[in-house]
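One letter stands for each residue in the lines below.
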Amino acid sequence: MRYISTRGMAPRVDFEGALFSGYAPDGGLFMPEELPQLSIETLRQWSTLSYPGLVKELCTLFIGPELIPRDVLNGLIDQAFSRFRHREVVHLSRLRNGLNVLELWHGVTYAFKDLSLCCTAQFLQYFLEKKEKHVTVVVGTSGDTGSAAIESVQGAKNMDIIVLLPKGHCTKIQELQMTTVLRENVHVFGVEGNSDELDEPIKAVFADVAFVKKHNLMSLNSINWSRVLVQMAHHFFAYFQCASSLDMDPLPLVEVVVPTGAAGNLAAGCIAQKMGLPIRLVVAVNRNDIIHRTVQQGDFSLSEAVEQTLASAMDIQVPYNVERIFWLLSGSNSQVTRALMEQFERTQSVSLPKELHSKLSGAVTSESVSDKAITQTMARCWEENKYLLCPHSAVAVSYHYQQTEQQPPSLPRCCLAPASAAKFPEAVLAAGLTPETPAEILALESKGTRCTPMRKGDDWTLMLRNTIEDISCQQRGHFLNALE
């Protein structure tokens, strides 16, 4: 299996190349050169698998055995999920009025990103140990990516991680999950800006190809193909849990509602769909509605500013994984994708070509949800089920409630729940409910913290470069000591 850039100007790479790259050298994102087509028979066989079992099957399709032998791959995936709190890893809660909530948040940091990042970190460690190499991972976060990335690599001898978090724009718990990790290989910066602004110095650093190569830099944001690959399993598991029967031909449809910010889970769903999984996708966003406008009107353009909402991890203006979806739906047309994305980067505004827009609105339905609808949904779900939703999960469930008021669901529907309500006590209180906080989250309050400020007026790019150079110096010191 080889990977090519959505913009078509970069050399092909294998899985290892895509894993360590983040962005392709031409600014595009890596995608598989061809997608395996799954037969009805294969889908029926997979339908009895656990969530980790599905991850293993999907990874086997996209990672050649010459890179990671099958038994080793299975062991890495088992290791990745070994610290999850739920024995199923991912759990479906069946609630009243046909509401199915797929809980993707049973990992250490109580968010769905634990699922893909734990696997990605295992794959990275495998290749790094084999080659005796060190990498520095640079991550920008709107809340959950940073803590899940830190959790997956903290203490690893072959990796350092630098995380930029938007000070005051994530919840107190999200911030503490990052700043209380005092391991030597973890470096956290609190940026006086939002998550789009803190991406700027990261992009500037990665644009310096010689610097990236010299210091072995990589990103673990959802641009990384490995994360999208693991996230495809959410859709397969949701389908098998909710489909009425797999004895029919053709197989029945299931609607999957995907709350999203950067569109990684949505891209994963579109790929699963293309591989033959019979799902209908609904993308649900908060008031930062660029994806909704793109689906509804073909209007892929930035708003005046990012709006702060209760679903803070989705307060994103630039949903970079949409590029993968454009490429996929344009029939892998890298010329069309490159022209669209370069125009967007220049002008922050693009009208989708008619044909692409009609393919997008055929593949995906969309909804934008207000803070008021989020708190009403959280309150109703508690009232009907004694079940607490996080504000991001409520964005998806709000769509379900809206639809059921109009008509009973004709298809089974599954709402993805990306985080536990325990991480968002402020939103739970805003909904007039009582937060339930697990002991390990309460314990964060009493831990020591470490976080370097990046203030307005500071040169953020220079600060980032200096930190990277310091890490490389330390690594050279460790290496020389080991030789003596």
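Keep in mind the model is a prediction, meaning the values are calculated, not measured.

Draft legend 1. Representation of the overall build of the chain within the structure. Along its length, the chain carries 20 helices and 15 strands. Computed over C-alpha atoms, the radius of gyration of the chain comes to 21 Å, within 12% of the 23 Å expected from 2.2 N^0.38 for 484 residues, which places it in the range of a compact globule. Seen along its three principal axes, the alpha-carbon backbone of the chain occupies a region of about 70 × 50 × 45 Å. Intrachain contacts of the chain at a sequence separation of at least 6 include 75% that bridge at least 24 residues. Carbon and sulfur atoms form 49% of the exposed surface of the chain, whose accessible area is close to 19100 Å².

Draft legend 2. A look at the packing of aromatic side chains. If you walk through the whole model with that rule in mind, you get 14 aromatic pairs. Ring centres of tyrosine 51 and phenylalanine 237 lie 5.9 Å apart, and the angle between their planes is 85°; on these two criteria the pair is classed as edge-to-face. In this pair, tyrosine 51 sits in helix H3 (residues 51-62) while phenylalanine 237 sits in helix H10 (residues 225-242), placing the two residues 186 residues apart along the sequence. Assigned by exposure class, tyrosine 51 and phenylalanine 237 land together as buried. A cation over a ring is seen here: arginine 380 above tyrosine 401, with NZ or CZ 3.8 Å from the ring centre.

Draft legend 3. Molecular detail of the UniProt feature "modified residue: N6-(pyridoxal phosphate)lysine" (unreviewed entry) in the chain. Following the UniProt record, one finds the feature "modified residue: N6-(pyridoxal phosphate)lysine" (unreviewed entry) at Lys113. Mapped onto the secondary structure, lysine 113 falls in helix H5 (residues 113-131). Residue lysine 113 is classed as buried on the basis of its relative accessible area of 11%. With residues up to four places along the chain from it excluded, the contact list for lysine 113 reads Asp144, Thr145, Ala148 and Arg227.

Draft legend 4. Region of the structure containing helix H14 (residues 334-347). Taking 1.5 Å of rise per residue, 14 residues should cover 20 Å, and H14 covers 20 Å from first to last C-alpha, within 8% of that figure. Among the residues making up H14, those that are buried are Ser334, Thr337, Arg338, Leu340, Met341 and Phe344. Taken end-on, H14 shows its buried residues confined to a sector of 165°, consistent with a single buried face. Residues of H14 that are exposed and point over 90 degrees away from its buried face: Gln335 and Arg346. Residues of H14 that are buried sit in contact with strand E1 (3-5), helix H12 (290-297), strand E11 (299-301), helix H13 (322-329), strand E12 (349-351) and helix H15 (354-363). One side-chain oxygen of the residue at the start of H14 lies 3.1 Å from the amide nitrogen of glutamine 335, identifying that residue as asparagine 333.

Draft legend 5. Just the side chain of threonine 120, in detail. Position of threonine 120 among the secondary structure elements: in helix H5. Aside from chain neighbours lying at most four places away, what touches threonine 120 is Leu19, Leu220, Ser226 and Arg227.

Draft legend 6. Seen up close, the environment of serine 472. Summarising the element assignment, serine 472 is placed in helix H20 (residues 460-483). Distance in space between the C-alpha atoms of serine 472 and leucine 266 is 36 Å, their sequence separation being 206 residues.

Draft legend 7. Examining helix H11 (residues 264-274) more closely. Of all 11 residues making up H11, nine are buried, and the element is well covered by its neighbours. When we look at burial in H11, the residues that qualify are Gly264, Asn265, Leu266, Ala267, Ala268, Gly269, Cys270, Ile271 and Ala272. Glycine 276 sits one or two positions beyond H11 and adopts a positive phi of about 115°.

Draft legend 8. The UniProt feature "domain: Threonine synthase N-terminal" (unreviewed entry) in the chain, seen in detail. In the numbering adopted here, UniProt assigns the feature "domain: Threonine synthase N-terminal" (unreviewed entry) to residues 2-81. With 46% helix and 8% strand, residues 2-81 has end C-alpha atoms that lie 27 Å from one another.

Draft legend 9. Examining the nonpolar core more closely. Counting residues in hydrophobic clusters, the biggest one holds 116 residues, and the most contacted among them are Phe15, Tyr51, Phe123, Trp225 and Phe236. Ranked by residues supplied to this core, first place goes to H10 with 12 residues. In this structure, tyrosine 51 is in contact with Phe81, Glu88, Val89, Val90, Leu115, Val230, Ala233, His234 and Phe237, ignoring residues within four places of it in sequence. With 34 residues, the next largest nonpolar core counts Ala284, Ala394, Val395 and Ala419 among its residues.

Draft legend 10. Layout of the packing of H5 against H10. Contact geometry for H5 and H10: axes closest at 9 Å, N-to-C directions at 135°. One element, H5, and the other, H10, form an angle in the oblique class. For the pair H5 and H10, the crossing hand works out as right-handed. Each of Lys113, Leu115, Ser116, Leu117, Cys119, Thr120 and Phe123 in H5 lies in contact with H10, whose residues at this interface are Ser226, Arg227, Val230, Gln231 and His234.

Here is what the cut-offs are and how they apply
Residues numbered from 1 in each chain as written. Predicted model: local features only at pLDDT ≥ 70, side-chain atom pairs only at ≥ 80, totals over all residues. Heavy atoms only, no water. Helix = DSSP H or I, 4+ residues; strand = E, 2+ residues; numbered from the N terminus. Rg over C-alpha atoms; globule rule 2.2 N^0.38 Å. Contact = heavy atoms within 4.5 Å. Areas by Shrake-Rupley, 256 points an atom, 1.4 Å probe, with all protein chains shown as cover. Phe/Tyr/Trp six-rings, centres within 6.5 Å; stacked < 30°, edge-to-face > 60°. Buried < 20%, exposed > 50% of the residue type's maximum accessible area, 1.4 Å probe, protein only. Lys NZ or Arg CZ within 6 Å of the ring centre and 35° of its normal. UniProt positions renumbered as here; feature names shortened; annotations may be inferred. Expected span 1.5 Å × (residues − 1). Arc of directions from axis to C-beta. Polar contact = N/O pair within 3.5 Å; in protein donor to acceptor, adjacent residues only side chain to side chain. Core = buried A, V, L, I, M, F, W, Y, C linked by side-chain atoms within 4.5 Å. Axes fitted to C-alpha atoms, helices over the stretch in contact; angles between N-to-C directions. Parallel < 35°, antiparallel > 145°, perpendicular 65-115°, else oblique. Left-handed = near helix turned anticlockwise from the far one by under 90°.

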